[in-house]
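Residues per chain are reported as follows:
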Amino acid sequence: MTKAYIVVEGPSDAQILRALMDETLLEGVKFINGEGKYGAETLARSLLLDRNLPVVLVIDADTTNPEAIHNYQQDLDFLTRSAAGGTPYKILQAVPVIEAVFLQDRPLFEQFIDRQFTDLEWQLGQKAPKELLSQYSEGSKVFIQTILGQLTDPMRHILGQHSLIQDISTFLATQIYPSDQIARTAS
């Protein structure tokens, strides 16, 4: 039985989130491929209208500019609020892209890519994670597949501390599970 939806831009976004989130939170959660940013936005609103189940929309901000991120968030909230009615939803922008979760921890990322970065390279990589990932010999898509296949529990825990993963987890925990069940799991 579906309890909530996570709408993403593409299949690799869903793979990343599935790999880094707590499996128990994902029970009953269905990932929906929006086939791009604007498709994901439209699908999220349609699900809110048609299904009356909680929806998390996860899209790339495609920028690190705080003002642009804020303005886009306001626009998305305005457009989604009327479709939602009273159904809970959360719109999260991955800044600048979802692949930034791999940069949560510099030593871990350097271990993944088997190379140390200068401070300048690291700072630039924070603004353009895909370019940093492309330094992996077989490219960023292969990097993602390789890393997801090799994640250990401690690595998953470190990457799971990224604010995007935490925000999704918090929303799902509060929307899917009754408060008494949350209290029992926390103790």
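Residues numbered from 1 in each chain as written. Predicted model: local features only at pLDDT ≥ 70, side-chain atom pairs only at ≥ 80, totals over all residues. Heavy atoms only, no water.

Take the pattern of salt bridges next. Evaluation of the coordinates by the stated rule reveals five salt bridges. A salt bridge links Lys37 to Asp62; its shortest N-O distance comes to 3.1 Å. Placement of Lys37 in helix H2 (residues 37-51) and of Asp62 in the loop between strand E3 (55-60) and helix H3 (66-84) is noted, with a sequence separation of 25 residues between them. Arg106 is the salt-bridge partner of Asp119, the closest N and O atoms lying 2.9 Å from each other. Placement of the pair is Asp119 in helix H5 (residues 119-127) and Arg106 in helix H4 (residues 106-113), with a sequence separation of 13 residues. The exposure class of Asp119 is exposed, given its relative accessible area of 52%. (Salt bridge = Lys/Arg side-chain N within 4 Å of Asp/Glu carboxyl O. Helix = DSSP H or I, 4+ residues; strand = E, 2+ residues; numbered from the N terminus. Buried < 20%, exposed > 50% of the residue type's maximum accessible area, 1.4 Å probe, protein only.)

Before going further, it helps to examine the packing of helix H1 (residues 11-20) against helix H7 (residues 140-150). Between H1 and H7, the least distance of the axes is 10 Å, while the angle of their chain directions is 20°. In this view, H1 runs roughly parallel relative to H7, as classed from their interaxial angle. When you trace H1 past H7, the crossing you get is left-handed. Here H1 contributes Gln15, Ile16 and Ala19 to the contact with H7, which in turn contributes Ile144, Gln145 and Leu148. (Axes fitted to C-alpha atoms, helices over the stretch in contact; angles between N-to-C directions. Parallel < 35°, antiparallel > 145°, perpendicular 65-115°, else oblique. Left-handed = near helix turned anticlockwise from the far one by under 90°. Contact = heavy atoms within 4.5 Å.)

The next thing to look at is the pairing of strand E1 (residues 4-8). Counting buried positions over the five residues of E1 gives five, a clear majority of the element. Where burial is concerned, the two faces of E1 agree: the one with Ala4, Ile6 and Val8 and the one with Tyr5 and Val7 are both buried. In the sheet, E1 pairs with strand E2 (residues 29-33) via five bridges, with the strands oriented parallel. Bridge pairing links Val8 to Asn33 in E2. Handedness of the crossover joining E1 and E2 through H1 is recorded here as right-handed. (Pairing = 2+ DSSP bridges. Right-handed = clockwise from strand over helix to strand, strands pointing away.)

Between its first and last C-alpha atoms H2 spans 21 Å; for 15 residues at 1.5 Å apiece the expected length is 21 Å, and the two agree. The inward-facing, buried residues of H2 abut E1, E2, E3, H3 and strand E4 (89-94). Just past H2, the residue Asn52 takes up positive phi, approximately 55°. (Expected span 1.5 Å × (residues − 1).)

What follows deals with the confidence of the model for the protein chain. Here the protein chain averages 92 in pLDDT, while 95% of its residues score no lower than 70. Under a pLDDT of 50 for its full length, residues 180-187 has, in the predicted model, three contacts with residues more than four places off or in other chains. (pLDDT = per-residue confidence, 0-100.)

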